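In case you want the letters, here they are:
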Amino acid sequence: DFFIVDSGRLECYRTTGGVEKLIKTYQIGDSFGELALLYNAPRAATIKAVEDGILFALDRETFNHIVKEASAQKRARYEDFLSKVEILENMDPYERSKIADALRSQKFKIGEHIVREGEKGDTFFFVESGEAIATKRRSNGNEDIVYEYKAGDYFGELALLRDMPRAASIVAKSDLSVVSLDRNAFLRLLGPLDEILKRNFSNCLLYTSPSPRDRQKSRMPSSA
C-alpha cells in the first residue's frame, strides 16, 4: 500500500551494516510506500509509529491507476538532475528520490525576481536551466551584481538555516527554470547536509555560501 499521514508522527529507519539508522521523520501531509509499488520491489525501509495517528492508504491497483505513471516520470526527471548537483552527489539514491518527489518546478522570464533582498525566506532553490544573478543593495542605493548562477547551482539556504531575511535579490538573467523545496521539506530532507551547507557559506564576506561550481576558485558570495 501507499500511505499518507493524516495525523501523528512516524519514523523511518534503514539498516546498514547491521545497524538500524533513523533517516527521517514523517508528519502530517507526508507520504511513503511508493517505491515498493513503483518498482515492484521489497520495502526499502521500516516505518514505525512514535505516537498515535491516522494514515490514509491506497492499494496497489488504485495507486498504479492514479499515481504511478506521473510519479515515475517526475522522479526520473529530477533524480537525474539531482545526481549532478555537487552537494547531493554522494547522497543515498533513496534520499534523492524523496527530494525529487518534494520538488516544485517554477519558470521565470528574463528580468523577473525569484527572491528579493530583505524578504522572509521560506524556499530553497536549485537552478534547473538558464542563468540568474544575485544583486546586493549598497549604502549609496545602487545594486551590485555579486554572483551568477547556472544549472546545478543552488540558493536560498542561508535564510532557512539562519531564519533570517533574504540577504540578496536573485534575478533571472535568461529564461530560467528552477526547482524548489519549501522550509519544511528543506529541513526534513536536507537535514543530513546541514553542516555541509553551513561550511559552504561560513567563510564568505558579504552574504555567504559560494556556488558549488566555483567554491574552489572563488569566495564570491552566492546564497540569499
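Heads up: the structure comes first, above all this text.
Let us look at the structure shown here. (Residues numbered from 1 in each chain as written. Predicted model: local features only at pLDDT ≥ 70, side-chain atom pairs only at ≥ 80, totals over all residues. Heavy atoms only, no water.)

### Quick notes on the overall build of the protein chain
Of the regular secondary structure elements, the protein chain holds 6 helices and 14 strands. The buried share of the protein chain, reckoned over its 224 residues, is 45%. Counting contacts in the protein chain only where the partners sit at least 6 residues apart, residues at least 24 apart contribute 71% of the total. Working note: accessible area of the protein chain is about 11,700 Å², and carbon and sulfur atoms make up 49% of it. (Helix = DSSP H or I, 4+ residues; strand = E, 2+ residues; numbered from the N terminus. Buried < 20%, exposed > 50% of the residue type's maximum accessible area, 1.4 Å probe, protein only. Contact = heavy atoms within 4.5 Å. Areas by Shrake-Rupley, 256 points an atom, 1.4 Å probe, with all protein chains shown as cover.)

### Quick word on the sheet that holds strand S11 (residues 143-149)
If you trace the 4 strands from one edge of the open sheet to the other, you get S8-S13-S10-S11, paired in antiparallel fashion. At either end of the open sheet lies a strand with only one pairing partner, and these are strand S8 (113-115) and S11. Along the sheet, successive strands turn relative to each other by an average axial angle of 35°, direction set aside. Of the strand pairs in this sheet, S8 and strand S13 (residues 169-172) are connected by 2 bridges, and their pairing is antiparallel. Residue pairing across strands places valine 115 opposite isoleucine 170, the latter belonging to S13. (Pairing = 2+ DSSP bridges. Axes fitted to C-alpha atoms, helices over the stretch in contact; angles between N-to-C directions.)

### What about the environment of glutamate 119?
Looking at the secondary structure, you find glutamate 119 in the loop between S8 and strand S9 (123-129). Glutamate 119 gets classed as partly exposed once you look at its relative accessible area, which sits at 36%. Between the C-alpha atoms of glutamate 119 and alanine 167, which are 48 residues apart in sequence, the distance is 8.5 Å. Residues in contact with glutamate 119, not counting those within four places in the same chain, are Pro165 and Arg166.

### Focus on the sheet that holds strand S4 (residues 31-32)
Spatially, S4-S1-S6 is the arrangement adopted by the 3 strands of the open sheet, whose pairing is antiparallel. Two strands close off the open sheet at either side, each with one partner strand: S4 and strand S6 (54-58). With 5 bridges connecting them, strand S1 (residues 2-7) and S6 associate as antiparallel partners. Opposite phenylalanine 2, over in S6, you have leucine 58 as the bridge partner.

### Focus: the pattern of salt bridges
Scanning the entire structure with this criterion turns up 15 salt bridges. Between glutamate 51 and arginine 9 there is a salt bridge whose closest N-O contact spans 3.8 Å. Taken together, the positions of glutamate 51 in the loop between strand S5 (46-49) and S6 and arginine 9 in the loop between S1 and strand S2 (10-16) put the pair 42 residues apart, joining distant regions of the chain. Taken together, the shared-partner salt bridges connect Glu34, Arg75, Lys98 and Asp101 into one network. (Salt bridge = Lys/Arg side-chain N within 4 Å of Asp/Glu carboxyl O.)

### A few points about the side chain of arginine 75
You can see arginine 75 is positioned in helix H2 (residues 60-82). Judged by relative accessible area, arginine 75 falls into the buried class, the value being 0%. Residues contacting arginine 75, with those up to four places away along its chain left out, are Glu34, Leu35, Leu38, Tyr39, Ser97, Ala100 and Asp101.

### Remarks on the pairing of strand S14 (residues 176-182)
Among the 7 residues in S14, 6 count as buried, and that is most of the element. Across 5 bridges, strand S7 (residues 104-108) lies against S14 in antiparallel orientation. Across the sheet, phenylalanine 108 pairs through a bridge with leucine 176, a residue of S14.

### Structural notes on the nonpolar core
With 21 residues, the main nonpolar core has Leu88, Ile99, Phe126 and Leu181 as its most contacted residues. When residues of this core are traced back to their parent elements, those giving at least two are H2, helix H3 (93-102), S9, helix H4 (157-162), S14 and helix H5 (183-189). In contact with phenylalanine 126, other than residues within four places in its own chain, are Phe81, Leu82, Val85, Leu88, Leu103, Asp153, Tyr154, Ser177, Val178 and Val179. Of all hydrophobic cores here, the second largest spans 16 residues; its members include Val146, Tyr147, Phe155 and Ile170. (Core = buried A, V, L, I, M, F, W, Y, C linked by side-chain atoms within 4.5 Å.)

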